[in-house]
Amino acid sequence: ATTTEKAEPPTDLVLLCQDTVEACADITLDEFITDRNVELKDGSVLLDTSEIGTFDAEVPYLYNGAEFSHTLQYRVADTTEPHIFNYGEDSWHKAGTDFDLNDYVGFGDNYDRHPVLTYEGEVDPNTVGAYPLAVTVTDSSGNSVSWNITVNVTENIPKPADTIPRVDYSDFISRYQGENVRFGIDVSAWQADIDYNAVRDAGCSFVIIRAGTYYNKIKPDDYFRQNLKNAAAAGLDVGVYIYTTDRSEEDAREHARWIAEQLDVQKLDLPIVFDWEAFSGFQQYGISIRDLNDVYAAFADEVSGQGYTPMLYGSKNVLETIWSEKSKQLAPVWLAHYTNQTSYTGEYAIWQASAYGRIPGIEGDVDMDIQYLTHPTD
C-alpha cells in the first residue's frame, strides 16, 4: 500500500512586496516582490496597476514540488506629473478669431484621461499684442506642471523661412555605408508619381508605403495601390504604414484588419507600421498615455494574427518618454531622428534619418531610411 501525503505550504514563508507602486507602470512580480524564500511560479507576470487604490495580488509560488498561492496587499498611486508634448512658446494667433489655448499646447498623463489646463493672464484675440501667460496642467491626483508662454495676436501669421538643407541620396548612402545596412525611403501621396526604377538605380533597396490615414474615418492613400505595384515591380522590398489617431483597442484592431484587406494576401518583405504622431494636441483624444500603449499592443497583436509583422514608429523623444519598454519589445522599432548621428540608445531596426532627401525618380523631398540587418550597437 502507498500513502499520499498532502503537500503543505512552508511554515516560515517569506514573501514581501513593495507597499506602493506607480499607476500604469509595467511591474513584474519579480520586481514587485522585495524578499522571498520560495520560487515564484512565473515572475514575469505583470502586476495590475491600471487603477488607483488598494488591491490584493494572488502570487503563485512553488515549494517542495507543489504549487501554492499567497495574497499580498499593495497600493497603486499616481505620483507622475502630466507630460507636456508641446509647450506652445511664442504662439501666434490670428486677430479676430476665437482663442483656445488647447490649440497651441499639447499634454497628456500616464493615468488621467482628462488632465485640466488652466492659465493666469488674459488674451484679447481682437487686439494685436503680446500676451504673457502662466500655464498649468493638473491631473486628477494633483500632480501638475507649470510654465510660461507668450501668445502673439497678429493680423498675419508669420511663415517661417525654409532654410533646411536638402541631402542628396548618394551622399546619404556614402555617409552611412557599412556592413549589415541597406538604404530605403518611405512614401505617401505627398510624393505623387514615382519612378521606382530610377529610385532603385539610385541605391534604394526598400520602400515603406503609406496605406492610409485615420482621423475620424479611414482614408486610403491615393497612391497606395500604385506605389505597392510599381515598387514591387522594380524589385524593391516593400512594407506599409498607417498614419493614425486610433484611441481605442477596437479601432486599432479594425484598422489592422483593414490594411490586411487592402493587401489582399499580398506578401510583404517588411512590417506593417503603426504611426501615431498627433501629440501636439494629445488631450483632444481623451486617452491616457497608458491607453495609447494598450492601443498599439492591440494593433500589433491583430497584425500578427493576420500573418504580418508589426512595427512601431516614433521619434527619439516619444520613444524615450511615451512608449513603454513593453511596447518597444512587442515588435521592431522604426526610429525617427533627424540628425547626423542618433543618440537614441534603445534597439531599432530602421532609422529615419532625414525628411529632406532628394532622390532620382521623385520630385521634391522624401524621407530617407537606413535598415540595420543587425542592431547598430552590436
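These figures come from a predicted structure and were not determined experimentally.

> Go over the overall build of the protein, please, and point to the residues and values.
In terms of regular secondary structure, the protein is built from 8 helices and 22 strands. Principal axes of the C-alpha set define a box for the protein whose edges measure 85 × 60 × 35 Å. By the burial criterion, 48% of the 378 residues in the protein qualify as buried. Restricting the contact set of the protein to residue pairs at least 6 apart, pairs at least 24 apart contribute 58%. Roughly 19300 Å² of accessible area belongs to the protein as shown, and the carbon and sulfur atoms make up 45% of that amount. The averaged location of the 63 negative side-chain charges in the protein is 7 Å from the averaged location of its 25 positive side-chain charges.

> Describe the packing of aromatic side chains, naming the residues involved and giving the relevant values.
In the structure shown here, the tally under the stated rule is 25 aromatic pairs. With centroids separated by 5.2 Å and ring planes inclined at 85 degrees, the aromatic side chains of Y87 and W147 adopt a geometry described as edge-to-face. A residue pair is termed long-range when its members are at least 10 positions apart, and Y87 in the loop between strand 7 (83-86) and strand 8 (91-94) and W147 in strand 12 (residues 144-154) qualify at 60 residues. Overall, the relative accessible area of 10% leaves W147 in the buried class. For the pair F274 and F299, a centre-to-centre distance of 5.0 Å together with 50 degrees between the ring planes defines the contact as tilted.

> How would you summarise the side chain of N293 if you had to cite specific residues and measurements?
Among the structural elements, N293 can be located in helix 6 (residues 289-305). Setting aside chain neighbours within four positions, we find N293 in contact with I322, W323, S324 and S327.

> Give me the pattern of salt bridges: which residues, what numbers.
If the charged atoms of two oppositely charged side chains come close together, the side chains can form a pair. Tallied over the full model, the rule gives 17 salt bridges. With a shortest N-O distance of 3.3 Å, K41 and E67 are connected by a salt bridge. Separated by 26 residues along the polypeptide, K41 in the loop between strand 4 (39-40) and strand 5 (53-63) and E67 in strand 6 (residues 66-77) bring together distant segments of the chain. Overall, K41 belongs to the partly exposed group, its relative accessible area being 49%. Between R358 and D365 there is a salt bridge; the shortest N-O distance is 2.9 Å.

> A description of the sheet that holds strand 6 should follow, citing residues and the corresponding values.
The strands making up a sheet associate through hydrogen bonds between their backbones, and the pairing can be parallel or antiparallel. Ordered in space as 2-6-5-4, the 4 strands form an open sheet in which the pairing is mixed. Pairing within the sheet leaves two strands with one partner each, and these edge strands are strand 2 (20-22) and strand 4. Inspection of the sheet shows strand 2 paired to strand 6 by 3 bridges, in the parallel sense. Bridge pairing links E22 to A77 in strand 6.

Thresholds, definitions, all that
- Residues numbered from 1 in each chain as written.
- Predicted model: local features only at pLDDT ≥ 70, side-chain atom pairs only at ≥ 80, totals over all residues.
- Heavy atoms only, no water.
- Helix = DSSP H or I, 4+ residues; strand = E, 2+ residues; numbered from the N terminus.
- Buried < 20%, exposed > 50% of the residue type's maximum accessible area, 1.4 Å probe, protein only.
- Contact = heavy atoms within 4.5 Å.
- Areas by Shrake-Rupley, 256 points an atom, 1.4 Å probe, with all protein chains shown as cover.
- Lys, Arg positive; Asp, Glu negative; His and termini not counted.
- Charge placed at Lys NZ, Arg CZ, Asp CG, Glu CD.
- Phe/Tyr/Trp six-rings, centres within 6.5 Å; stacked < 30°, edge-to-face > 60°.
- Salt bridge = Lys/Arg side-chain N within 4 Å of Asp/Glu carboxyl O.
- Pairing = 2+ DSSP bridges.

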